[in-house]
Amino acid sequence: MQAEPREDPGPEDYHHDVHDDWADLDGFPVPEVHARSLDLGLFLLRLGTLLLVTRGLDKAVDLPAWVRDVDDHVLGAQAPELVAWMVLLGQVALPVLLALGLFTRPAAFLLAAMMAATWVLTVYPRLDYTVLGEGGAPTGEDSLLYLALALPLVFTGAGRWSLDAMRATGRP
């Protein structure tokens, strides 16, 4: 038995990647009622990553001091200028790409990888490492929060309110 070819999805089917037989109950299509709120949620999630830009700009203001900080780290000592520039550009460019919704999945993956590496390489190996810091907050909480912002975008993409959606459909 061969499946019938499915026509191109319209804007109301934007979030459905594959045909789901369970979506049609007795021939009545079930509308996706959460589509607008899902797009708003993804947009707000993408905007939340812009808070990281201030950290990158702070590093750019005093670049020689940032390079010295990277040089003091075991991993960054191999090529401190290169590592410093990559982290700085990652903290500025990746959140801007995410906020615009341009190349969202790769940008979110790179941001999540950078934040995970930041936590693993700078927070965890401290001699005074404790799971909870002052006030009960997790140690390295900022890195973990940016990781938590980026990971859902790796799997969901940007949503309809993005440049990615405009590139794919030719309209917002």
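Preceding this paragraph is the structure being described.
Computed from a predicted model, the values in this text were never measured in an experiment. (Residues numbered from 1 in each chain as written. Predicted model: local features only at pLDDT ≥ 70, side-chain atom pairs only at ≥ 80, totals over all residues. Heavy atoms only, no water.)

## Here's the deal with the packing of helix α4 (residues 80–100) against helix α5 (residues 104–123)
Logical step 1: With their axes 9 Å apart at the nearest point, α4 and α5 run at an angle of 140° to one another. Between α4 and α5 the crossing geometry is left-handed. In this structure, α4 uses V87, G90, Q91, L94, L97 and L98 to contact α5, whose residues at the interface are T104, A107, A108, L110, L111, M114 and M115.
Logical step 2: Within the contact of α4 with α5, the residues separate by chemical class into ten nonpolar, three polar and no charged. (Axes fitted to C-alpha atoms, helices over the stretch in contact; angles between N-to-C directions. Helix = DSSP H or I, 4+ residues; strand = E, 2+ residues; numbered from the N terminus. Left-handed = near helix turned anticlockwise from the far one by under 90°. Contact = heavy atoms within 4.5 Å. Nonpolar A, V, L, I, M, F, W, Y, C, P; charged D, E, K, R; others polar.)

## Remarks on the environment of W85
Logical step 1: Looking at where W85 falls in the secondary structure, it is placed in helix α4.
Logical step 2: Spatially, the C-alpha atom of W85 lies 9.5 Å from that of K59, the residues being 26 residues apart in sequence.

## A short note on the packing of aromatic side chains
Logical step 1: Under the definition given, this model contains one aromatic pair.
Logical step 2: Over the ring of W66 we find K59; its NZ or CZ atom is 4.8 Å from the centre of that ring. (Phe/Tyr/Trp six-rings, centres within 6.5 Å; stacked < 30°, edge-to-face > 60°. Lys NZ or Arg CZ within 6 Å of the ring centre and 35° of its normal.)

## A look at the pattern of salt bridges
Logical step 1: In total, this model carries three salt bridges according to the counting rule given.
Logical step 2: The partner of R160 in a salt bridge is D39, with the nearest N and O atoms 3.0 Å apart. With R160 in the loop between α6 (141–156) and α7 (163–169) and D39 in helix α1 (residues 35–48), the pair connects residues that are 121 residues apart, well separated along the chain.
Logical step 3: Looking at D39, the relative accessible area reads 2%, which means it is buried.
Logical step 4: Two residues, R55 and D142, come together in a salt bridge whose shortest N-O distance is 2.6 Å. Remark: D142 occurs in helix α6 and R55 occurs in helix α2 (residues 51–61); sequence separation between them is 87 residues. (Salt bridge = Lys/Arg side-chain N within 4 Å of Asp/Glu carboxyl O. Buried < 20%, exposed > 50% of the residue type's maximum accessible area, 1.4 Å probe, protein only.)

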